[in-house]
Amino acid sequence: MSGGLLVFGRSGQVARELQRRAPEAMFLGREAVDLTDPAACAAVIAQSDCGAVINAAAYTAVDRAETDAETARLVNAEAPAAMARAAAAKGVPFLHVSTDYVFDGSGETARDETAPTAPLGAYGATKRAGEEAIAAAGGQWAVMRTSWVFSAHGANFVKTMLRLGAERDRLTIVADQIGGPTPAGDIATALLAMAGQMVADPQKGGLYHFAGAPDTSWADFARAIFRLSGLTTKVVDIPSSDYPTPARRPLNSRLDCHRITTDFGVARPDWQAGLAQVLAELKGNP
Ligand SMILES: NC(=O)C1=CN([C@@H]2O[C@H](COP(=O)(O)OP(=O)(O)OC[C@H]3O[C@@H](n4cnc5c(N)ncnc54)[C@H](OP(=O)(O)O)[C@@H]3O)[C@@H](O)[C@H]2O)C=CC1
Ligand SMILES: Cc1cn([C@H]2C[C@H](O)[C@@H](COP(=O)(O)OP(=O)(O)O[C@H]3O[C@@H](C)C(=O)[C@@H](O)[C@H]3O)O2)c(=O)[nH]c1=O
Ligand SMILES: [Mg+2]
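What counts as what
Just so you know, the residues in each chain are numbered from 1, in the order the chain's sequence is written. To read the labels, note that chains go from A and ligands from 1, taken in the order they are written. pLDDT decides what is reported in this predicted model: residues at 70 or higher carry local features, side-chain atom pairs at 80 or more are listed and counted, and totals for whole chains, interfaces and linings draw on all residues regardless. Placing the C-beta atom from the backbone, one calls a residue near a molecule or strand if that atom lies within 6 Å of it. A run of H or I in DSSP counts as a helix once it spans at least four residues, and a run of E counts as a strand once it spans at least two, with each numbered from the N terminus. Ten residues, namely Ala, Val, Leu, Ile, Met, Phe, Trp, Tyr, Cys and Pro, are considered nonpolar, four, namely Asp, Glu, Lys and Arg, are considered charged, and the remaining ones, Gly among them, are considered polar. Buried Ala, Val, Leu, Ile, Met, Phe, Trp, Tyr and Cys residues whose C-beta atoms connect them within 7 Å together make up a nonpolar core. Exposure classification rests on a simple neighbour count of other C-beta atoms within 10 Å of a residue's own: a residue reaching 20 or more is buried, one at 12 or fewer is exposed, and one in between is partly exposed. C-beta atoms are placed from the backbone. Note that contacts rest on C-beta atoms placed from the backbone: two residues are in contact if these are within 7 Å. Here, strands pair whenever DSSP counts at least two bridges between them. Looking down the strands as they point away from you, a crossover is right-handed if its path from the first strand over the helix to the second goes clockwise. UniProt positions are given in the numbering used here, feature names are shortened, and annotations may be inferred rather than shown by experiment. Only the stretch in contact is used when fitting a helix axis, every axis being a line fitted to C-alpha atoms; angles between N-to-C directions are given from 0 to 180 degrees. Angle categories: roughly parallel below 35 degrees, roughly antiparallel above 145, roughly perpendicular from 65 to 115, and oblique for all the rest. Two helices cross in a left-handed way if the nearer one is turned anticlockwise from the farther one by less than a right angle. They cross in a right-handed way if the turn is clockwise.

What follows deals with the site of ligand 1. Close to ligand 1 lie 24 residues, the nearest being Gly 12, Gln 13, Ala 57, Ala 58 and Val 149. Those elements that place two or more of their residues in the shell around ligand 1 are helix H1 (13–21) and strand S4 (94–99). Of the residues contributing to the shell around ligand 1, the split by class is 11 nonpolar, 10 polar and three charged.

Within the largest apolar cluster, 82 residues are counted, with the highest numbers of intra-cluster contacts made by Val 7, Val 53, Ile 54, Met 83 and Leu 191. Looking at which element gives the most residues to this core, the answer is helix H3 (residues 69–90), with 10 residues. For Leu 191, the residues in contact, after removing those within four places along its chain, are Leu 18, Ile 54, Leu 95 and Met 144.

Here we come to the pairing of strand S3 (residues 52–55). Covered by surrounding structure in S3 are Ala 52 and Ile 54 together with Val 53 and Asn 55, the residues of both alternating faces. Pairing analysis gives four bridges linking strand S1 (residues 5–8) to S3, with the strands arranged parallel. Its bridge partner being in S3, Leu 5 is matched across the sheet by Ala 52. Pairing of S3 with S4, which is carried by three bridges, proceeds in the parallel orientation. From the neighbouring strand, Ile 54 faces S4, where its bridge partner is Leu 95. The handedness of the S3 to S4 crossover, carried by H3, is right-handed.

On to the UniProt feature "domain: RmlD-like substrate binding" (unreviewed entry) in the protein, then. As recorded in UniProt, the sites labelled "domain: RmlD-like substrate binding" (unreviewed entry) are residues 5–282. Overall, residues 5–282 shows 41% helix and 16% strand. The separation of its end C-alpha atoms is 28 Å.

Remark: helix H7 (residues 218–229) packs on helix H9 (residues 271–283), axes separated minimally by 10 Å, with the N-to-C direction vectors making an angle of 50°. The orientation of H7 with respect to H9, classified from their angle, is oblique. Considering how the two elements wind past one another, H7 and H9 form a crossing that is right-handed. In contact with Ala 224, Ile 225, Leu 228 and Ser 229 of H7, H9 contributes Gln 272, Leu 275, Ala 276 and Leu 279. Residue composition of the contact of H7 with H9, by class: six nonpolar, two polar and no charged.

Looking now at the sheet that holds S4. On the basis of which strands lie adjacent, the open sheet formed by six strands has the order S2-S1-S3-S4-S5-S10 and parallel pairing. The open sheet has two free edges, formed respectively by strand S2 (26–28) and strand S10 (206–209), since each of these has just one partner strand. Between one strand and the next, the sheet's axes are offset by a mean angle of 20°, whatever the strand orientation.

As a further point, take the environment of Ala 87. Residue placement: Ala 87 occurs in helix H3. When the C-alpha atoms of Ala 87 and Gly 139 are compared, they prove to be 7.0 Å apart, with 52 residues separating the residues in sequence. Those residues in contact with Ala 87 that lie beyond four places of it in its chain are Ile 45, Val 53, Val 92, Pro 93, Phe 94 and Gly 139.

We now examine the site of ligand 2. Around ligand 2, the structure places 18 residues, and the nearest of them are Thr 60, Val 62, Thr 99, Phe 157 and Val 174. Among the elements of the structure, helix H5 (157–167) and strand S7 (170–174) are those that each provide at least two residues to the shell around ligand 2. Per element, the largest residue contribution to the shell around ligand 2 is four residues, and it comes from S7. Tallied by class, the residues present in the shell around ligand 2 amount to 10 nonpolar, six polar and two charged.

Right under this line is the structure:
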C-alpha cells in the first residue's frame, strides 16, 4: 500500500497480530500516543505520510468501564472520532474495530449491521459513540464489529481458562450468553484485506460484522479449550444471573456476517481451528 499503514495500538491482541502480518507498518503504543488525548491522535495522523489508518487500541476492561466511564469515553469515542476526522482531512481510509456489546442481546437470531443498537453498559455505550462519530466524520471509513476475541497474547477468555483450569478441577461458566469467539489473527488478516481494497477503491467501506463460527456459549467454549489443551477440568453450566458482574453482558451476541463476505470477500473464520493454533503457540510450537 503506498504511503504505508499507521496503526494505533502495539501490545493489544489485534495490534500484535497486525504486526505479524504487516511488520513494515508503523505501530503506536501508549507511550507514543495516549488515546486519552484525542488531539494528539489527530496530530500524529496529520503529520504522517500514511496511506491508511487502523485503530486497534481501545478501553476493553468491560467491568472497570462502569466506574471509569470518562476514560472509556475518551479512548473509545473521542479518540476514534478525532482519528477519523484527521484521516478524512488527509483523504486516507480509517478502519476501526467495535463490538457485539453495542447490542442488548435480546432475542435468539443473528443481528446484521442494520439492527438497532442498545448497549447494556459503559463499554458498549462508549464503543457505540465511537462508531457514530466515525460515520459522521466525512471520510472513507470501515468499522468492523467483532466479538469474544482471543489470541496467545494479552488478556482473554482462553488464557483465563488455561490459568483457572490448571488450578481447579471444576469451573462454573455462563451458558446462556451465545456468540462467536474470534481469533485476533483472523481479525488482523481481514482488516489488512479491507484496508488494501479501500485504498484501491475510495467507494468502499461502511459497517461490518465479523465473528468466528459456529456460535457457541462461553461454557461450551471453555469445554473446547479444556478438551484441546488436555485439561480435565469439568465445566458446569450456570445462568448469567449466577455470575454477577458490574456490567451486564448481552445474552444473544450472534452476528450476521454476510455483508463483509459480499463486499470484501472475507468469510467467517472457524474459531476451533484458530483455538488449536493459539494453544499450539502457547505451548511454544506455533
Ligand atoms: N477483546 C475482545 O474480546 C474484543 C475486542 N473488541 C475490540 O477489538 C479492538 C481490539 O481489541 P483487543 O486487541 O482485544 O484489545 P486489548 O485489550 O488486547 O488491547 C487494547 C490496546 O489498547 C491500548 N490502550 C488502551 N488504553 C489506551 C490509551 N489510553 N492509550 C493508548 N493505548 C491504549 C492498550 O494498551 P496497553 O497494552 O498499554 O494497555 C492495548 O494495547 C478494540 O477496539 C476492542 O474494543 C471487540 C470485540 C471483542
Ligand atoms: C472467568 C469466568 C468468566 N465467566 C463469564 C463472564 C463472562 O460472561 C464470560 C466471558 O468472560 P470475559 O471476562 O472474557 O468477558 P468480557 O470481558 O465481557 O468479554 C468481552 O470483552 C469485550 C472487550 C468485548 O468486546 C466482548 O466481545 C467480549 O469479548 O464468562 C464465567 O461464567 N465463569 C468464570 O469463571
Ligand atoms: Mg475481559
